[in-house]
Amino acid sequence: MPGESRNSAEAPSDNLVQKVRAIKTQLEQLEPFLLVSSLPSTVLTDLKEAIDHVRSTLWAILQA
């Protein structure tokens, strides 16, 4: 009903929202440096795999 508060399982904590926004900002700031860097391919592969895993998780959550 309108005006009722959500339980903690439904409403993300402010801390989690801040972390997600910070990660998004960091990734956006990192991108231009990646384009001109000469990082080892293992580092880039590790980053790609981590991002792919998060994307898969988010996709599953959005489809649920």
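S.K.: I'd love a proper account of the overall build of the protein, names of residues and values included.
M.R.: Each helix and strand in the protein was counted, giving two helices and zero strands. Taken over 64 residues, the protein has a buried fraction of 0%. With the model as given, the accessible surface of the protein reaches about 6100 Å², and the carbon-plus-sulfur share is 61%.

S.K.: Outline the pattern of salt bridges, supporting the account with residue identities and numerical values.
M.R.: One pass over the full model with this rule turns up two salt bridges. With its nearest N and O atoms 2.7 Å apart, the salt bridge here joins Glu 28 to Lys 24. Taken together, the residues span about one helical turn, with Glu 28 and Lys 24 both in helix H1 (residues 14-36) at a distance of four residues.

S.K.: Explain a nonpolar patch on the surface residue by residue, including any values.
M.R.: A surface patch of nonpolar side chains, amounting to about 430 Å² of accessible area, comprises Ile 23, Leu 27, Leu 30, Phe 33 and Ile 51. If one sorts the elements of the nonpolar patch by residue count, H1 sits on top with four residues. Mapped onto the fold, Phe 33 is located in helix H1.

S.K.: Hey, could you go over the environment of Leu 47 for me, with residue numbers and the actual values?
M.R.: Inspection of the secondary structure puts Leu 47 in helix H2 (residues 41-63). Leu 47 sits in the partly exposed class, given a relative accessible area of 29%. Among all residues touching Leu 47, those that are not within four sequence positions of it are Leu 30 and Leu 34.

Criteria and cut-off values
- Residues numbered from 1 in each chain as written.
- Predicted model: local features only at pLDDT ≥ 70, side-chain atom pairs only at ≥ 80, totals over all residues.
- Heavy atoms only, no water.
- Helix = DSSP H or I, 4+ residues; strand = E, 2+ residues; numbered from the N terminus.
- Buried < 20%, exposed > 50% of the residue type's maximum accessible area, 1.4 Å probe, protein only.
- Areas by Shrake-Rupley, 256 points an atom, 1.4 Å probe, with all protein chains shown as cover.
- Salt bridge = Lys/Arg side-chain N within 4 Å of Asp/Glu carboxyl O.
- Patch = residues over 30% accessible without salt bridge, like charges linked within 9 Å, V, L, I, M, F, W, Y side chains within 5 Å.
- Contact = heavy atoms within 4.5 Å.

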